[in-house]
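So you can see what is in the structure, the chains are spelled out below.
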Amino acid sequence: MEPLNHRERRPPADSLASSNRQPLIDIDVDDVHTLAQGIVDTIRDPLLVLDQDLRVVTANRAFCQTFRMTRQNIEDRPVYALGDGQWNIPALRFLLENIAPHHTVMEGYEVEREFPGIGRRSMLLSAREVVSQRNARKLILLTIEDVTERRAAEREVAELLRQKEMLLQEMQHRIANSLQIIASILLLKARTVQSEETRMHLRDAHQRVMSVAAIQQQLLPSSHGDPVYIGPYLSRLSQALAASMTDDSRPISLKVQAEGGTASSAEAVSIGLIVTELVINAFKHAFVSDEAAGLVVVAYEAAETSWRLAVSDNGIGTPEGQLDSDKPRPGLGTIIVEALAKQLDAHVEVTRSRHGRTVSITHGTPDRAWLPFTGATTGLPPRSNGDSVAAA
């Protein structure tokens, strides 16, 4: 019985090779040439075999059929002399002349020319060196790919994209004009109605329409799916809000402090609408007396995939005796903010004090604890790195 660890002995590689080695078949030179020509002819793209002097050694069937030429009119002629001189391009000639001496490779050189019998075509040329081991003769394989239809399709797609961009700009322009018209009608009606409650509702609707117009205007530069940088976006939006909510009765400052962060266009729209609702509510309800100048702070900070948005004011806040009372019935603005926060997968937190109110919208759970925002609710100025926008 053979041991368990027995392994079959194999003869050395040299002896195995010698025992299985078959004698080389003596192939005639003419047969080799025929075989090589047959291989070249099987290539579907046009192909030329050139010598070191860029003279055509042979061409495949695809080349002759594509350019409507015969091998007799091609072989032993310089490539730049073929046809009506379509290949006589100084840059192309320079690249081909450097392939053999410097062992370089040419990839994807594009030529667009008018060719006899087939019209204007776009051709993609690639070339590399091949060295014959028998006689050390250096040859160059030049392949030619017709990309005319591909380039036409690319131009068509580019034109469609251009038309789409024009239609998008036209649509955005029409939306902006329509919003302005609606806002003007609402403001006009608010001035003519007798009921103070109706007038208040019409003015609220006017402010919301103007805020949507402001958001749409701020998102115009972020087309083609580019990310929206939250800091500049909130600064521009707050500037538009401040301009549309001027109040001569007392000065109110609207400030922005943002620490980086980007969002998609859809997310930026929701964030902008949240900021608009909270700022409108602060301007309307937080400052009811003329004792001191008001301050509203819009703050944003991000940490990887988490972020926090807060709108604070130093208005009337909540009297001390009411801090622990039941939550007030939510108004339309609160309902809108909560719905938008839900779309962003964020939660809303409201902090009230005698010195004002802060509404925070938080998305995700950051690795580090959020630092408390300085500003409106503490009576301190905003951080030095924040942008500020003042509203009269």
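Here, every reference points to the structure presented above.
Residues numbered from 1 in each chain as written. Predicted model: local features only at pLDDT ≥ 70, side-chain atom pairs only at ≥ 80, totals over all residues. Heavy atoms only, no water.

Caption draft 1: Highlighting the packing of aromatic side chains. Going through the model one piece at a time under the given rule, you end up with 5 aromatic pairs. The interplanar angle of 45° and the centroid separation of 4.8 Å between the aromatic rings of F63 and F67 together place this pair among those described as tilted. A residue pair is termed a helical-turn pair when its members lie 3 or 4 positions apart in one helix, as F63 and F67 do in helix 3 (residues 61-67) at 4 residues. Relative accessible area serves as the criterion here: at 0%, F63 is assigned to the buried category. Here F67 and W87 contribute two aromatic rings whose centre-to-centre distance is 5.6 Å and whose plane-to-plane angle is 75°, an arrangement assigned as edge-to-face. Here W87 lies in the loop between helix 3 and helix 4 (90-97) and F67 lies in helix 3, a separation of 20 residues in the sequence. Across the pair, exposure class does not vary: F67 and W87 are buried alike. Connected via pairs of aromatic rings, a cluster forms that spans F63, F67, W87 and F115. (Phe/Tyr/Trp six-rings, centres within 6.5 Å; stacked < 30°, edge-to-face > 60°. Helix = DSSP H or I, 4+ residues; strand = E, 2+ residues; numbered from the N terminus. Buried < 20%, exposed > 50% of the residue type's maximum accessible area, 1.4 Å probe, protein only.)

Caption draft 2: Here's a closer look at the pattern of salt bridges. For the structure shown, the criterion picks out 11 salt bridges. Residues E110 and R151 are paired through a salt bridge, measuring 2.9 Å at the closest nitrogen-oxygen approach. Here E110 is found in strand 3 (residues 106-115), whereas its partner R151 is found in helix 6 (residues 148-192), with 41 residues between them in sequence. A residue is classified by how much of its surface remains accessible, and E110, at 35% relative accessible area, is partly exposed. For E301, the salt bridge identified is with R308, shortest N-O distance 2.9 Å. Each member of the pair, E301 as well as R308, is classed as buried. Three or more residues are tied together by salt bridges with common partners; here these are E110, R151 and E154. (Salt bridge = Lys/Arg side-chain N within 4 Å of Asp/Glu carboxyl O.)

So, to be careful, I would describe these as geometric facts and stop short of saying anything about function.
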